[in-house]
Amino acid sequence: MFDYLIAGAGFAGSVLAERLATQLDKKIIIIDKRNHIGGNAYDYYDENGILVHKYGPHIFHTNSKKVVDYLSKFTEWIPYFHKVLAVVEGKKIPVPFNLNSIYELFPQKYANKFEEELIKTFGYGQKVPILKIRETSNSELKFLAEYVYDNIFYGYTLKQWELKPEELDPSVTARVPIYVSRDNRYFQDTYQLMPKEGYTKMFERMLSHKNIKILLNTDYKEIIDIIKFNKIIFTGPIDEFFNYQFGELPYRSLVFDIQSINSEYYQEVGTINYPNNNDYTRITEFKYITGQHSKNTSIAIEYPMRFELNGNLIPYYPIPKKENNELYSRYLKEAEKVKNVIFCGRLADYKYYNMDQIVARALNIFEKEIFL
Ligand SMILES: Cc1cc2nc3c(=O)[nH]c(=O)nc-3n(C[C@H](O)[C@H](O)[C@H](O)COP(=O)(O)OP(=O)(O)OC[C@H]3O[C@@H](n4cnc5c(N)ncnc54)[C@H](O)[C@@H]3O)c2cc1C
């Protein structure tokens, strides 16, 4: 007899399993249909001994000390500042688009002018959404905002979502910034770290407790009528839980072509984006992220794809559109009626979470809804 059956051994399920076992002495069975723990953060060593992220590059960054303190129980860290370049007009420029990007692309005279106007209007260090810049009366800045929209944002969005920016929720476009800074780091969070021995090792430590049983290669539906338990924590797709009664929640998928390369390095930085040409959106070289040294290297080439139910692809990104959020709200209302089931996770909440956000959400559920 288990106190909790947890469907899904990603961050959401594993954090809750760990808290329930260690803080409340609850007995847990955690089930995943994949053959490993860690969900989308799973990593493994490939044939050349390079640590690769099976479901795409995962870079940990957060402003939450609470989340870092919690995860530090299960891992040591190495510092890592992610850098991304985008190929634009044959040049590789830093993204988010910043003052250095301007100097890479425009002749010095114009670049000086853009820099001066940006600092004068918004101040050094500000991240200014291009939509806001488009609204100014300054024609030079408007030109710059249009340039970033057309040459970096538009093509990438079309490939990533197979939708034009105006077909997505306006909040997506609203977030694209020009960073009035010389800081080439992709993130500016207080904590920018990678787990020293990888994510999978961290998950192994989280779940290594006498009260936690792990069952892999199993869909929770296969055993739900066989195993005895009191409550469910569900971290899978919420529409699946309710047998798609209102219809499917749409997702975007990806295919990662992971390749071993017989040379020390493949590219200049962790990730290079290809907003305009090629079918793929970006190439990531894992060694930069994991801090490994080796005479070989491994990369992941990322191809956005349509997700179809019953196909082979994985539902990755909820598609940010108003009608999809409305459909999710109908499922959420059903979820609120169900007793003894807690829904948590990117699939259960139909929400894109960064890793720190899902850890914070799981800790919050534990503190506010379980440990009353
Ligand atoms: C390409 C990509 C890159 C990302 N990069 C970053 C990054 O750089 N930094 C960052 O902070 N975040 C990143 N993220 C986000 C990160 O992956 C999520 O925050 C995290 O995976 C969410 O954890 P979760 O437990 O909610 O979901 P998941 O990790 O997806 O775990 C859910 C688990 O449930 C299992 N499951 C589903 N249905 C069933 C079922 N019926 N029965 C049994 N098991 C089931 C799945 O197999 C899965 O293992 C990225 C996401 C993607 C897609």
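What counts, and at which threshold
- The numbering scheme is per chain: residues are counted from 1 as the chain's sequence reads.
- A pLDDT threshold of at least 70 governs which residues receive local features in this predicted model, and a stricter bar of 80 or more applies before side-chain atom pairs are shown or counted, although totals over entire chains, interfaces and linings include all residues.
- The basis for every side-chain value is the complete set of non-hydrogen atoms in the structure, without hydrogens or water.
- Here is the rule: rings of Phe, Tyr and Trp (six-membered ring for Trp) pair when centre to centre is within 6.5 Å. Planes less than 30 degrees apart are stacked, more than 60 are edge-to-face, and the remainder are tilted.
- Between buried and exposed lies partly exposed: a residue is buried under 20% and exposed over 50% of the maximum accessible area for its type, with that area taken using a 1.4 Å probe on protein chains only.
- Two conditions define a charge sitting above a ring: the NZ of Lys or the CZ of Arg must be within 6 Å of the ring centre, and it must be within 35 degrees of the ring normal.
- DSSP-based pairing: two strands are paired if at least 2 bridges between them are found.
- Here a strand is any run of E in DSSP of at least two residues, a helix any run of H or I of at least four, and the numbering for each starts at the N terminus.
- Fitting a line to C-alpha atoms yields each axis, with helices limited to the stretch in contact; the angle taken between N-to-C directions then spans 0 to 180 degrees.
- By convention in these notes, a salt bridge is any Lys or Arg side-chain nitrogen within 4 Å of a carboxyl oxygen on Asp or Glu.

Caption draft 1: Representation of the packing of aromatic side chains within the structure. Applying the stated rule across the entire model yields 30 aromatic pairs. With a centroid separation of 4.9 Å and 55° between ring planes, the pair formed by phenylalanine 234 and phenylalanine 241 is classed as tilted. Across the pair, exposure class does not vary: phenylalanine 234 and phenylalanine 241 are buried alike. Three or more aromatic residues joined by ring pairs make a cluster, and in this case those are Tyr220, Phe234, Phe241, Phe242, Phe246, Tyr331 and Phe343. When the ring centre of tyrosine 110 is taken as reference, the NZ or CZ atom of lysine 109 above it lies at 5.3 Å.

Caption draft 2: Inspection of the sheet that holds strand E6 (residues 77–79) at higher detail. Sheet architecture is open: three strands sit in the order E5-E11-E6, paired in antiparallel fashion. Strand pairing shows two members of the sheet lacking a second neighbour, strand E5 (60–62) and E6, which therefore form its edges. Ignoring which end each strand starts from, the neighbouring axes of this sheet average 40° apart. Two strands pair when backbone bridges link them, and E6 and strand E11 (residues 191–195) are joined in this way by three bridges, in the antiparallel orientation.

Caption draft 3: Region of interest: the pattern of salt bridges. Evaluation of the coordinates by the stated rule reveals 21 salt bridges. Its salt-bridge partner being glutamate 240, residue lysine 221 comes within 2.8 Å of it at the nearest N-O pair. Placement of the pair is lysine 221 in helix H9 (residues 220–223) and glutamate 240 in helix H10 (residues 238–241), with a sequence separation of 19 residues. Glutamate 326 serves as the salt-bridge partner of lysine 322, at 3.4 Å between the closest nitrogen and oxygen. Placement of both lysine 322 and glutamate 326 in helix H12 (residues 322–337) is noted, with a separation of four residues, approximately one turn of the helix. Lysine 322 gets classed as exposed once you look at its relative accessible area, which sits at 60%. On the basis of relative accessible area, glutamate 326 is assigned to the partly exposed category, the value being 43%. Sharing partners across several salt bridges, the network here consists of Lys113, Glu117 and Lys120.

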